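So you can see what is in the structure, the chains are spelled out below.
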Amino acid sequence: MKDGFISVACGAPKLRLVDCDYNAEQTFLMMRAAEKAGVKVLVLPELGLTGYTCGDLFYQNSLLRGAEQALSTVLEATRNLEVVTAVGLPLRVKDRLYNCAAVIQKGQILGLVPKTHLPNYGEFYERRWFSPAPEEAEYVDLCGQTSVAFAAGQIFVCQNIPGLTLGFEICEDLWSPDSPSVEMARSGAAIIGNLSASDEVLGKAAYRRQLAATQSAKLQCGYLYTSAGEGESTSDMVFGAHQLIAENGSILAERRFDGGLLISEIDVQRLACERRRTQALTPEPGSRRRDYTIFFLQEEKTKLTRYASPMPFVPQGKEDRDARCREILLIASLGLKQRLEHTGAKTAVVGLSGGLDSTLAVLITGLAMKMLDRPMTDIIAVTMPCFGTTDRTRNNAVILAEKLGTVLKTVDIAASVRSHFRDIGQDMENHDVTYENAQARERTQVLMDIANQTGGLVIGTGDLSELALGWCTYNGDHMSMYAVNASIPKTLVRHLVAHLARDNAEKDEALHDVLEDILDTPVSPELLPAVQGKISQRTEDLVGPYELHDFFLYYMLRWGFSPAKIYRLALYALEKRYSRDVILKWMKVFYRRFFSQQFKRNCLPDGPKVGSVALSPRGDWRMPSDASWALWRAELESLE
């Protein structure tokens, strides 16, 4: 459970209808298998000790006694197992029959949760046999235990693992508009289990998947759904043992038409962070007090099996990635369209270097002009060669501007920078930060003045990753009149340009070719003299791989993870590409630069937010410029 990861499972044991002894055996064998696999929370199907399709046999005392005896057998056989398990059975309470989940651990019943919403349509007639959960909690004696809590909406709290709080509901409860899980989540339940017996008909699996994902999203929880499978009656229905593990809107694992255990890990720290951030799950005024039951688990490091993307800002599947690229380009260009329209700007001025960021900026600007039904000649693309500019990047900038149909201006700033160096006494052979930043600031001055000349706006090219690291020249490329790339991380910039390159493969081969060459060009500010005509200054050699920095940035800002947890995830997701020492080295650089460079982010120009992580000081990230990174540094040093 280290770092908040809790191993959970859905189980669908084979059963024999009405054979309670056999079903008890299959239940405790599955619990033992789950325990051996390190599972801490296990959810089994609805009415699993008897079978769901018993019909009027539920009226028979023999079956009800058999179910209670089966539960006793399971308790005795699992008295040494700490996995918290929800087992389904019918239960008599005060001359009424209830469809229940018995929540058990170490041979003890932690609580009994009756089903709240009973279906009575189509092939489902539960109200014929069962009563809905009573309004008030009751206490019953069962399997040798006295005063066992019997109530819907119970909360089960792990005393020694922060954030591990459980709740359980049964099948139709999920389908209902007032699901018990809503109030359970408001009361703190981070993981909710659903014991189900849902039949297989065309389209229903997709609907269940959608329900589980949506419930986990709106309740910011982990949702474990397991349905009945092999052994149920097939007289009028077929049951496919559909199992789903969802977290905060994402399906982590799924299985259908195959019993056994489906295992993944729920990150309760991540869920807690989301709940603190949104504050969407505070209890309703006047809501009834929940019944809490305490349990304990032995603390250990959970083995990770869930997928962790090495590039969390970039969708993995091509279809999803292309759809995301189209949406980002639409959002960014809509933002710029509004700004151009509102200000009445006659032109949009973009500094075009032949690099990725400026390429994306001019492409977004072109899309905005199309939305405004304005000619591409309203874009002024400015190339500003100086000491480090190579023929490759300069030529690519020229070709790109020509293929897009923009106005192209070339302003060689070398003479101006040399004059400035003479004015301030800067030695041309001293290639220090002044040597580099003077060029960046001169370029910004040129862009601003051309914008003044043409009644236009300067369109910023800096991206989210550069802002996080402070890898921009203050009052140089740091400043613009609208920063279209400001919330797009470097790893995503590359995919956006690649997406547009593919889009133009057939329409314009020359444009496609120049975009591909830009994608193949090393990321560089080109502020130091070229060596034999080639780029001598590679950004990732200086500040580290953007793939790593974007990984750190995502988990730090989006989920509030600690350095130790991010380091663990980075090792898990990226260990084939980077060694432990390399990951830790660049993590230190990331945190040091992130904290020291906040002053640059506190005066950013406007720019459109396109994703869940952004650094605008006006909304997404409010941090004092003088905040110390001592706590984070100490944790990083402890990782050595």
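Here, residues in each chain are numbered from 1, in the same order as that chain's written sequence. For this predicted model, a pLDDT threshold of at least 70 governs which residues receive local features, and a threshold of 80 or more governs which side-chain atom pairs are given and counted, while totals over whole chains, interfaces and linings are taken from all residues. Values reported for side chains reflect all heavy atoms of the structure, with hydrogen atoms and water molecules removed beforehand.

Before going further, it helps to examine the overall build of the protein. What counts as a helix is a DSSP run of H or I of at least four residues, what counts as a strand is a run of E of at least two, and both are numbered from the N terminus. Along the backbone of the protein there are 20 helices and 22 strands. Along the first, second and third principal axes, the C-alpha set of the protein runs to 100 × 50 × 45 Å. By residue count, 58% of the 640 residues in the protein fall in the buried class. Any two residues having at least one pair of non-hydrogen atoms within 4.5 Å are treated as being in contact. Pairs at least 24 apart in sequence give 74% of the contacts found in the protein among residues at least 6 apart. Element-wise, carbon and sulfur atoms account for 48% of the exposed surface of the protein, whose accessible area totals about 26,900 Å². Exposure classes here rest on a 1.4 Å probe applied to the protein chains alone. A residue is buried below 20% of its type maximum, exposed above 50%, and partly exposed in between. Computed with a 1.4 Å probe, the accessible areas rest on the Shrake-Rupley method; for each residue, only the protein chains presented here act as cover.

This paragraph deals with the sheet that holds strand S21 (residues 456-460). Pairs of strands are assigned from DSSP output, requiring at least two bridges between the strands. Strand order in the open sheet formed by five strands is S20-S19-S18-S21-S22, and the pairing between neighbours is parallel. Each edge of the open sheet is held by one strand with a lone partner, namely strand S20 (407-410) and strand S22 (482-483). The sheet contact formed by strand S19 (residues 379-383) and S20 spans four bridges and is parallel. Within S20, the position partnered with Ile380 by the bridge is Val407. Each axis is a line fitted through C-alpha atoms, taken for helices only over the stretch in contact, and angles between the N-to-C directions span 0 to 180 degrees. Helix H7 (residues 318-343) rests against strand S18 (347-351), S21 and S22 of the sheet, and its axis sits at about 160 degrees to S21.

Relative to the helices and strands, Ser196 is located in strand S12 (residues 191-196). Once the C-alpha coordinates of Ser196 and Ala246 are considered, the two residues, 50 residues apart in sequence, prove to be 15 Å apart. Contacts of Ser196, omitting those with residues within four sequence positions, involve Pro45, Glu46, Cys171, Tyr225, Thr226, Ser227 and Ala228. One polar contact links Ser196 to Tyr225, side chain to side chain, over a distance of 2.7 Å. Under this definition, polar contacts are N or O atom pairs within 3.5 Å; protein pairs additionally need one hydrogen-donor-capable and one acceptor-capable atom, and for neighbouring residues in sequence, both atoms have to be side-chain atoms.

Moving on, we come to helix H14 (residues 509-519). Residues of H14 that are buried: Leu511, His512, Val514, Leu515, Ile518 and Leu519. Looking down the long axis of H14, one finds its buried residues gathered within 165 degrees of arc, a one-sided arrangement. Lining the buried residues of H14 we find helix H8 (356-371), helix H9 (391-404) and helix H13 (490-503). This arc is taken over the directions from the axis of the helix to the C-beta atoms.

What follows is about a nonpolar patch on the surface. On the surface, Leu330, Leu334 and Met371 cluster together to form a nonpolar patch covering roughly 240 Å² of accessible area. With respect to the secondary-structure elements, Leu330 resides in helix H7. For patch detection, residues must exceed 30% relative accessible area and be free of salt bridges, and they are connected within 9 Å for like charges or within 5 Å for nonpolar side chains (Val, Leu, Ile, Met, Phe, Trp, Tyr). By convention in these notes, a salt bridge is any Lys or Arg side-chain nitrogen within 4 Å of a carboxyl oxygen on Asp or Glu.

Here we come to the pattern of salt bridges. Under the defined criterion, the tally for this structure stands at 37 salt bridges. Across the pair Glu76 and Arg79 runs a salt bridge, and its minimum N-O distance is 2.7 Å. Given a relative accessible area of 48%, Glu76 falls into the partly exposed group. In this structure, Glu341 engages Lys337 in a salt bridge whose closest nitrogen and oxygen atoms are separated by 3.3 Å. Residue Glu341 and its partner Lys337 are both found in helix H7; the two are separated by four residues, about one turn of the helix. For Glu341, a relative accessible area of 47% corresponds to the partly exposed category.

Before going further, it helps to spend a moment on the packing of aromatic side chains. Paired rings are identified among Phe, Tyr and Trp, the last through its six-membered ring, by centres lying within 6.5 Å, and are further divided according to the angle between planes into stacked (under 30 degrees), edge-to-face (over 60) and tilted (the rest). Under the definition given, this model contains 19 aromatic pairs. Sitting over the face of the ring of Tyr546, Lys490 holds its NZ or CZ atom 5.0 Å from the ring centroid. Geometrically, a charge over a ring is one whose NZ (Lys) or CZ (Arg) sits within 6 Å of the ring centre while staying within 35 degrees of the ring normal.

This part is about the environment of Glu429. Along the chain, Glu429 falls in the loop between helix H10 (414-424) and helix H11 (433-454). Its relative accessible area of 65% is what places Glu429 among the exposed residues. With 32 residues separating them in the primary sequence, Glu429 and Ala397 have C-alpha atoms 28 Å apart.

Pairing between the strands of a sheet is mediated by backbone hydrogen bonds and can be parallel or antiparallel. Ordered in space as S15-S14-S13-S12-S11-S10-S17, the seven strands form an open sheet in which the pairing is mixed. In this open sheet, the two strands that pair with only one neighbour each are strand S15 (250-255) and strand S17 (292-295). Ignoring which end each strand starts from, the neighbouring axes of this sheet average 20 degrees apart. Strand direction decides the pairing type here: strand S10 (residues 155-158) and S17, joined by four bridges, are parallel. Residue pairing for S17: Ile155 is matched across the bridge by Tyr292. Helix H5 (residues 204-218) contacts strand S11 (165-170), strand S13 (222-227), strand S14 (243-247) and S15 of the sheet and is inclined by roughly 30 degrees relative to S14.

Further remarks concern the environment of Ala246. By the secondary structure assignment, Ala246 is in strand S14. A residue is classified by how much of its surface remains accessible, and Ala246, at 0% relative accessible area, is buried. Spatially, the C-alpha atom of Ala246 lies 5.1 Å from that of Tyr223, the residues being 23 residues apart in sequence. Each residue touching Ala246, except ones within four places of it in the same chain, is listed here: Ala212, Ala213, Ser216, Cys221, Gly222, Tyr223, Ile251, Leu252 and Ile266.

Next up on the list: the pairing of S21. Counted residue by residue, S21 has five buried out of five residues, so it is predominantly covered. Across three bridges, the pairing between S18 and S21 is parallel. Of the residues in S21, the one forming a bridge with Val349 is Val458. Alignment of S21 against S22, held across two bridges, turns out to be parallel. Its bridge partner being in S22, Gly460 is matched across the sheet by Ala483.

Let's shift gears to the state of the cysteines. Cysteine sulfur atoms are paired as a disulfide whenever they come within 2.5 Å of each other. Per the stated rule, a full pass over the model turns up zero disulfides. For Cys54, which is in no disulfide, the shortest distance to another cysteine sulfur is to Cys20 and amounts to 7.4 Å. Of the cysteine sulfurs around Cys221, a residue in no disulfide, the closest is that of Cys10, at 13 Å.

Below, the discussion takes up H10. Where H10 is concerned, the buried positions are Ala414, Val417 and Phe421. In an axial view of H10, the angular spread of the buried residues amounts to 65 degrees, which keeps them on one side of the axis. Turned more than 90 degrees away from the buried face of H10 sit Ala415, Arg422 and Asp423, all of them exposed. Of the surrounding secondary structure, the elements contacted by the buried residues of H10 are H11. Looking at the residues trailing H10, positive phi occurs at Gly425, about 75 degrees.

Axis separation between helix H16 (residues 546-558) and helix H17 (residues 563-574) bottoms out at 10 Å; the angle between their running directions is 135 degrees. With respect to H17, the element H16 is oriented oblique. Pair H16 / H17 crosses with right-handed handedness. Residues Glu547, Leu548, Phe551, Phe552, Tyr555 and Met556 of H16 form the contact with H17, whose participating residues are Ile566, Leu569, Ala570, Ala573 and Leu574. Polar here means any residue outside two lists: the nonpolar Ala, Val, Leu, Ile, Met, Phe, Trp, Tyr, Cys and Pro, and the charged Asp, Glu, Lys and Arg; Gly therefore counts as polar. Class assignment for the residues of the contact of H16 with H17 results in 10 nonpolar, no polar and one charged. For classification, angles of less than 35 degrees are called roughly parallel, those exceeding 145 degrees roughly antiparallel, those between 65 and 115 degrees roughly perpendicular, and all remaining angles oblique. Note on convention: the crossing is left-handed when the near helix lies turned anticlockwise from the far helix by less than a right angle, right-handed when the turn is clockwise.

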